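Chain by chain, the residues run as shown.
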Amino acid sequence: MDMENRSPEHGKLWHWLDERIGLKDFEKLARKKEVPVHQHTIWYYFGGMTLFLFMIQVLSGILLLLYYRPSATEAYESIQFLMTEVQFGWLVRSVHAWSANLMILAMFVHMFSALMLRSYRRPREVTWLSGGGLLGLALAFGFTGYLLPWNELAFFATRVGTEIPGVLPIIGSFLRRFLRGGEDVTGATLTRFYGIHVAVLPAIVTVILGLHLFMVQKHGMSVPPDVERRGWSRRVMPFLPNFLLRDLVGWLCALGVLAALAAYYPAELGKKADPFQPAPIGIKPEWYFMAMFQTLKLLPAHILGIEGELLGVLGFGAIGAVLILMPFVDRRAAVGQPSRFPAAFGIALILYTILLTYLGYTMSPTK
Amino acid sequence: MAEGMLKQFIERRNFLNWFLGTTAGAFVFSVLYPLSRYLTPPPVAESTARSVTLSLKPKEVKPNSGQIFRFGSQPGILVKTQAGELKAFSAACTHLACIVQYRSDISHIWCACHNGHFDLNGKNIEGPPPKALEEYAVNVRADQIVVSKKS
């Protein structure tokens, strides 16, 4: 290494490492990264927020692995032990449960803001698609993780959740058997969900998250077409350190909220699952499945000769498909023209979800 | 001459590509086939019992009440109507397979998950369930309740 190239701002160790792994390239990359500043800049923070909460999930999840025992006879007892005997066991589990909820919430905000600001348009289609994949994976994480305590709620949520793909024609019964590891929800389902939750999904997430972050790095942040049309000043701020420091403030707030929720509302365990007990009155899923749950509850048995639940499941599938294919549905934004459909679709979806979620929490469970 | 060689070369390349492709395909198949078979759970012998003797005595069952019993690996529900008649059904809701319960306040069999109602003949009368519950035959022999599949 020639001496003239040595920048005085770095020490010996930095230069030693730079010679071997090329720190200069990383530095250049980090310096180059800029974040557009305009009235919608706030929405750029939710991707990083989701990532931060995901990191908490990974860390708290690893801690839970040290005490959890994945079998129908031991799972519930091992969590009981964790909650009552292990020091701060209640805290680790509550952080994991609450952080999961906050992560899904941050993810929904991130997705709807990307939808409203048309961030999916060319050349960011792959960023959008990988983000859609990550949302699906997060919901799969939530669904598989929910069963692991092997309590009453978990048992029925899984019985219903695995029955839902079962209503599909032709492949339905195979899918149900495949998910359950047999005909019914048993210990076989528990070990299957455990393997999916702690190994299969993390592996897939690593790949897709890597792709997602690489695409964000490659294309930079999208400036909404609406902002560009109104003559954006082209003001930017450097990612390092300006944006990252602001990010950190947000993460610190999230950590505060998380700690408060975990301390004041620790995760409950409920009663152990019993496959020969009726579903408890007032049973409900996690809030992010509530709108779908309530829809299935309100759909009549038959609509135009088709079973209501099949129509419901196909409806959810169609909405998901339109959402994930939005870069290809919305041809106008791709060529820089104003497009109304994505915003109308997004707002309708948000309103529907809020309404049905509200009904889910307020309608009498016995009427 | 040169043209002939080129043609021969292309043919040879096509042949080799085809060979390589089928080999790769066979390799992928030889991995995916056992993998997919591994992931499909093996069938577990279903209990073929067509009837079950409950551990309850007929006198212990109060009128206008219901309870879950085991029918092999499946849950069933035994109901005693207000008139004192014993009835039994499959307890898996025909909607999304939650386990139903007896509601003594309205004399319905009811599913707490999605608010499905069945009458005491197992017929779906309200809410999302698309079909009736399967009904079992109940026989009281001496001091025992025997539930068996119909037909």
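Report follows, based on the coordinates. (Residues numbered from 1 in each chain as written. Chains lettered and ligands numbered in written order. Predicted model: local features only at pLDDT ≥ 70, side-chain atom pairs only at ≥ 80, totals over all residues. Heavy atoms only, no water.)

### Quick look at the packing of helix H12 (residues 287–298) of chain A against helix H16 (residues 341–362) of chain A
Residue and element names in this part refer to chain A. Counted only if it meets this: Inter-axis angles, ranging from 0 to 180 degrees, are taken between N-to-C directions of lines fitted to C-alpha atoms, where helices are fitted over the stretch in contact. What counts as a helix is a DSSP run of H or I of at least four residues, what counts as a strand is a run of E of at least two, and both are numbered from the N terminus. Angles below 35 degrees are treated as roughly parallel, those above 145 as roughly antiparallel, those between 65 and 115 as roughly perpendicular, and all remaining angles as oblique. Working rule for contacts: check all heavy atoms of both residues, and any pair within 4.5 Å makes them a contact. Under the convention adopted here, Pro, Cys and the residues Ala, Val, Leu, Ile, Met, Phe, Trp and Tyr are nonpolar, Asp, Glu, Lys and Arg are charged, and Gly plus all remaining residues are polar.
Between H12 and H16, the shortest axis-to-axis distance is 8 Å and the interhelical angle comes to 80°. Accordingly, the angle class assigned to the pair H12 and H16 is roughly perpendicular. Residues Trp287, Met290, Ala291, Gln294, Thr295 and Leu298 of H12 pack against Tyr352, Thr353, Leu356, Thr357, Leu359, Gly360 and Tyr361 of H16. Taken together, the residues that form the contact of H12 with H16 break down as eight nonpolar, five polar and no charged.

### Comments concerning the state of the cysteines
All names here are of chain B. What counts here: Sulfur atoms of two cysteines make up a disulfide when they are within 2.5 Å. Per-residue accessibility, obtained with a 1.4 Å probe over protein chains only, is compared with the maximum for each type, and a residue is labelled buried under 20%, exposed over 50%, and partly exposed between these values.
A full pass over the atoms with the stated rule returns one disulfide over all chains. The disulfide that involves Cys98 links it to Cys113, with 2.0 Å between the sulfurs. Taking the sign of the S-S torsion, -75° for the link of Cys98 and Cys113, the bridge is left-handed. With a gap of 15 residues between them, Cys98 in the loop between strand S4 (86–90) and strand S5 (101–103) and Cys113 in the loop between strand S6 (108–111) and strand S7 (116–118) connect regions that are remote in the sequence. Cys98 gets classed as buried once you look at its relative accessible area, which sits at 1%. Cys93 takes part in no disulfide bond, and the closest cysteine sulfur to it belongs to Cys111, at a distance of 4.0 Å. In this structure Cys111 comes out as buried when scored by relative accessible area, which is 2%.

### Focus on the interface of chain A and chain B
Put simply, the rule reads: Here the quantity called buried area is the accessible surface, traced with a 1.4 Å probe, that two parts lose on coming together, added over both. The salt bridge criterion pairs a side-chain nitrogen of Lys or Arg with a carboxyl oxygen of Asp or Glu, the two atoms within 4 Å. Whenever two N or O atoms come within 3.5 Å, that pair is a polar contact, provided that in protein one can donate a hydrogen and the other can accept it, and provided that, for residues adjacent in sequence, both atoms are side-chain atoms.
Contacts between the two partners involve 34 residues from chain A, matched on the other side by 33 residues from chain B. Across the chain A to chain B interface the summed buried area is about 2,800 Å²; carbon plus sulfur atoms make up 60%. Inspection of the chain A/chain B interface yields one salt bridge. On the surface where chain A and chain B come into contact, there are six residue pairs in polar contact (both at pLDDT 80 or more). Contributions of two or more residues to the side of chain A that touches chain B are made by helix H7 (152–166), helix H8 (172–180) and H12 of chain A. Among the elements that take part in the side of chain A that touches chain B, H7 of chain A stands out by supplying five residues, more than any other. Residues that form the side of chain A that touches chain B fall into these classes: 19 nonpolar, five polar and 10 charged.

### Brief notes about unusual backbone geometry
All names here are of chain A. Residue Pro123 is reached from Arg122 by a cis peptide bond, and omega for that bond is 5°. Relative to the helices and strands, Pro123 resides in the loop between helix H5 (89–116) and helix H6 (125–147). Geometrically, the link from Leu240 to Pro241 is a cis peptide bond, its omega value of 0° lying close to zero. If you check the backbone angles, Arg234 has positive phi at about 65° while not being a glycine. Mapped onto the fold, Arg234 is located in the loop between helix H10 (225–229) and strand S2 (236–238). Taking relative accessible area as the criterion, Arg234 reaches 60% and is therefore assigned exposed.

### A word on the sheet that holds S7 of chain B
Residues and elements named next belong to chain B. Condition: Note on pairing: two strands pair once DSSP finds at least 2 bridges between them.
One open sheet accounts for four strands, arranged S5-S6-S7-S8; its pairing is antiparallel. Only two strands of the sheet have a single partner each, and these edge strands are S5 and strand S8 (124–126). Along the sheet, successive strands turn relative to each other by an average axial angle of 40°, direction set aside.

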